[in-house]
Amino acid sequence: MRILLVEDDPSLASGIRLALKPEHYTVDHLSDGATALNALTEGEPFDAVILDLGLPRLDGMEVLNAVRRHGSHVPILVLTARDAVDNRIAGLDAGADDYLIKPFEVAELKARLRALLRRSQGQTSSLLTYRGITLDPHTLHVGYQGASVTLSRRELTLLQEFMSHPGRVFTRDTLTRLVYGWEEDVESNAIEVHIHHLRRKLFSDAIRTVRGIGYVMDKPAKDEA
Ligand code: CA
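Residues numbered from 1 in each chain as written. Predicted model: local features only at pLDDT ≥ 70, side-chain atom pairs only at ≥ 80, totals over all residues. Heavy atoms only, no water.

A. Seen up close, the sheet that holds strand β9 (residues 147-149). Read across the sheet, four strands follow the order β6-β7-β8-β9 without closing on themselves; strand pairing throughout is antiparallel. In this open sheet, the two edge strands, each paired with only one partner strand, are β6 (128-130) and β9. Strand-to-strand twist of the sheet, defined as the mean angle between neighbouring strand axes without regard to direction, takes the value 25°. In this sheet, strand β8 (residues 142-144) lies alongside strand β7 (residues 133-135) in antiparallel orientation, the contact comprising three bridges. Bridge pairing in β8 links L135 to V142. (Pairing = 2+ DSSP bridges. Helix = DSSP H or I, 4+ residues; strand = E, 2+ residues; numbered from the N terminus. Axes fitted to C-alpha atoms, helices over the stretch in contact; angles between N-to-C directions.)

Okay, here's the thing in structure tokens:
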């Protein structure tokens, strides 16, 4: 899961990033509205956005309006000051999925984010399954043929993405963004290494290489599903 955090207060932003780190998220951070709007309308694949309303260059409310006008349905959790009651109501009307009033508890933010992601993915309780592999999106427990499998956070992110979209070919670039966000200094073979580990921990043709393009988890044959 890749989250975009748009917050101009550096200490709040780093606190949120720190809090989300142990969770199963890749968090990218931007601190002004204009850059955020660009990222959101130029096809960057985010699973959810945490959006502050008071932002430099372009107000959070304008970002929200423009993103929805652009046709994006990405779940957006708005952060707003306690005294901005009108803003809050307008924010929800403009297409925010939820909002939190500052100051808030980090645990509350995590819970709201989880609920938002669950709603957007329609994963109320559904276990992902694929040829003997099971992945519980809530507990993030992974099993293969009944036995528990221990995956790293990044392996888990990749596996969940593949299992959510069987038959979809993912380019290496897409997967790198998904796992690392805009993090720099990513080894060029990083994704290859994670895929290698997944195959070793699960089974060798769980994920197929599409030469020159990337990787796919093939749709299972009917009798294997
Ligand atoms: Ca602010």
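B. Quick peek at helix α1 (residues 10-20). Buried within α1 are the following residues: A13, I16, A19 and L20. The arc that holds the buried residues of α1, viewed along the axis, is 130°, so those residues lie on one side. α1 presents P10, S11 and L18 as exposed residues on the side facing more than 90 degrees away from its buried surface. Buried residues along α1 sit in contact with β1 (2-6), β2 (26-30), β3 (48-52), β4 (76-81) and α5 (106-121). (Buried < 20%, exposed > 50% of the residue type's maximum accessible area, 1.4 Å probe, protein only. Arc of directions from axis to C-beta. Contact = heavy atoms within 4.5 Å.)

C. Fine view of the pattern of salt bridges. Inspection of every chain in the model, using the stated rule, returns 14 salt bridges. A salt bridge links E44 to R177; the shortest N-O distance between them is 2.5 Å. Of the two residues, E44 sits in the loop between α2 (33-41) and β3 while R177 sits in helix α7 (residues 172-180), which places them 133 residues apart along the sequence. Overall, E44 belongs to the buried group, its relative accessible area being 17%. Residue classification places R177 among the partly exposed positions, given a relative accessible area of 33%. (Salt bridge = Lys/Arg side-chain N within 4 Å of Asp/Glu carboxyl O.)

D. Just the pairing of β4, in detail. A large share of β4 lies buried, amounting to five of its six residues. Where β3 lies against β4, four bridges are found, and the strand directions are parallel. The residue bridging L51 from the neighbouring strand is V78, located in β4. In this region the chain leaves β3, passes through helix α3 (residues 60-69) and returns to the parallel neighbour β4; the handedness of that crossover is right-handed. (Right-handed = clockwise from strand over helix to strand, strands pointing away.)

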